[in-house]
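Here is how the chains run, residue by residue.
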Amino acid sequence: KRREERRASRRAMSSKLRVEPSPDITFEVSGGKPNSCPLRLYNSGTEHTAFKVKTTAPKKYCVRPNAGVIPPGKHVEVHVIPQTTKGADPTLQNDLAGKCKDKFMIQSTTVQDDQAPTSELWAHVPPTELQQTLLRCKYKQASVGSEGVGGAIPEGGETGAFATGKGFNLDK
């Protein structure tokens, strides 16, 4: 049993996913709308790494891609797109005032190079083999002449946040 635990621990350690930016994801607001923000996920391990992105506010953000596999030594860019409402958004003023409580969690684990990150895979990953990175959301007013980090949100953008369609609770 100890050998299996050590092997699982080594396997989890080889799943080194580095997330940028960290520990905060900052959305610049211009023209009354928040811009999208790219996340870069780097696999610094020696094995393929599966990832998935979750949020506490799945109706407020669209994440593309929300899951995937990164080969060793490679990276993936994930776009986080705040979903805007028609007209004035009352929550945006709170977000700009530093009251945003939204968070993202990036989960990762090592996989075989041809293994897809299905819900069945995630259901059977032991906690010792799961790496989790938490990001807090922040909003700031864009400076004059700035178009933000990611760019404007396309009208009628996609909705939804991640594969399971449910948020996660960090208060427990």
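Quick notes on the rules
- Residues numbered from 1 in each chain as written.
- Predicted model: local features only at pLDDT ≥ 70, side-chain atom pairs only at ≥ 80, totals over all residues.
- Heavy atoms only, no water.
- Phe/Tyr/Trp six-rings, centres within 6.5 Å; stacked < 30°, edge-to-face > 60°.
- Helix = DSSP H or I, 4+ residues; strand = E, 2+ residues; numbered from the N terminus.
- Buried < 20%, exposed > 50% of the residue type's maximum accessible area, 1.4 Å probe, protein only.
- Lys NZ or Arg CZ within 6 Å of the ring centre and 35° of its normal.
- Core = buried A, V, L, I, M, F, W, Y, C linked by side-chain atoms within 4.5 Å.
- Pairing = 2+ DSSP bridges.
- pLDDT = per-residue confidence, 0-100.
- Contact = heavy atoms within 4.5 Å.
- Salt bridge = Lys/Arg side-chain N within 4 Å of Asp/Glu carboxyl O.
- Axes fitted to C-alpha atoms, helices over the stretch in contact; angles between N-to-C directions.

This part is about the packing of aromatic side chains. Summed over the entire model, instances satisfying the criterion amount to three aromatic pairs. Seen from their ring centres, F27 and Y61 are 5.6 Å apart, and the 25° between their planes marks the pair as stacked. In this pair, F27 is assigned in strand β2 (residues 24-30) and Y61 in strand β6 (residues 61-64), connecting sequence segments 34 residues apart. Judged by relative accessible area, F27 falls into the buried class, the value being 0%. Residue Y61 is classed as buried on the basis of its relative accessible area of 0%. These aromatic residues form a ring-pair network of at least three members: F27, Y61, F104 and Y139. The ring of Y42 carries the charged tip of R18 above its face, separated from the ring centre by 4.2 Å.

It is worth spelling out the nonpolar core at this point. One finds I25, F51, Y61, F104 and I106 to be the most contacted residues of the largest nonpolar core, which totals 24 residues. Of all elements in the fold, only β1 (17-20), β2, β4 (37-43), β5 (48-55), β6, β8 (75-82), β9 (103-111) and β10 (131-141) reach the threshold of two or more residues within this core. If you look at the next biggest cluster of nonpolar residues, it comprises five residues, including A50, V111, L121 and V125.

Spatially, β3-β2-β10-β9-β5-β7 is the arrangement adopted by the six strands of the open sheet, whose pairing is mixed. Because the sheet does not close on itself, it has two edges, and the strands there are β3 (33-34) and β7 (67-70). In this sheet, β10 lies alongside β2 in parallel orientation, the contact comprising six bridges. Residue E28 lies in a different strand from β10, and its bridge partner there is K140.

Once that is clear, we can look at the confidence of the model for the chain. Mean pLDDT over the chain stands at 80; residues scoring 70 or higher make up 73%. Low pLDDT, under 50, characterises residues 146-166; the stretch is placed with 46 contacts to residues that sit more than four places away or in other chains.

In total, this model carries seven salt bridges according to the counting rule given. The salt bridge involving R136 is made with D24; its shortest N-O contact spans 2.9 Å. Here R136, found in strand β10, pairs with D24, found in strand β2; they are 112 residues apart in sequence, far enough to count as distant. We classify D24 as buried; its relative accessible area is 17%. E77 is the salt-bridge partner of R40, the closest N and O atoms lying 4.0 Å from each other.

Strand order in this open sheet of four strands is β1-β4-β8-β6, and the pairing throughout is antiparallel. Only two strands of the sheet have a single neighbouring strand rather than two, namely β1 and β6. Shown here is a sheet whose adjacent strand axes are inclined to one another by a mean of 20°, direction ignored.

Attention now moves to the environment of F104. Summarising the element assignment, F104 is placed in strand β9. Separated by 49 residues in the primary sequence, F104 and T55 place their C-alpha atoms 4.3 Å from one another.

Glancing now at the pairing of β4. Within β4, five of the seven residues are buried, leaving the element largely enclosed by the surrounding structure. Where β1 and β4 come together, four bridges link them in antiparallel fashion. Paired with L17 across the strands is N43, a residue of β4.

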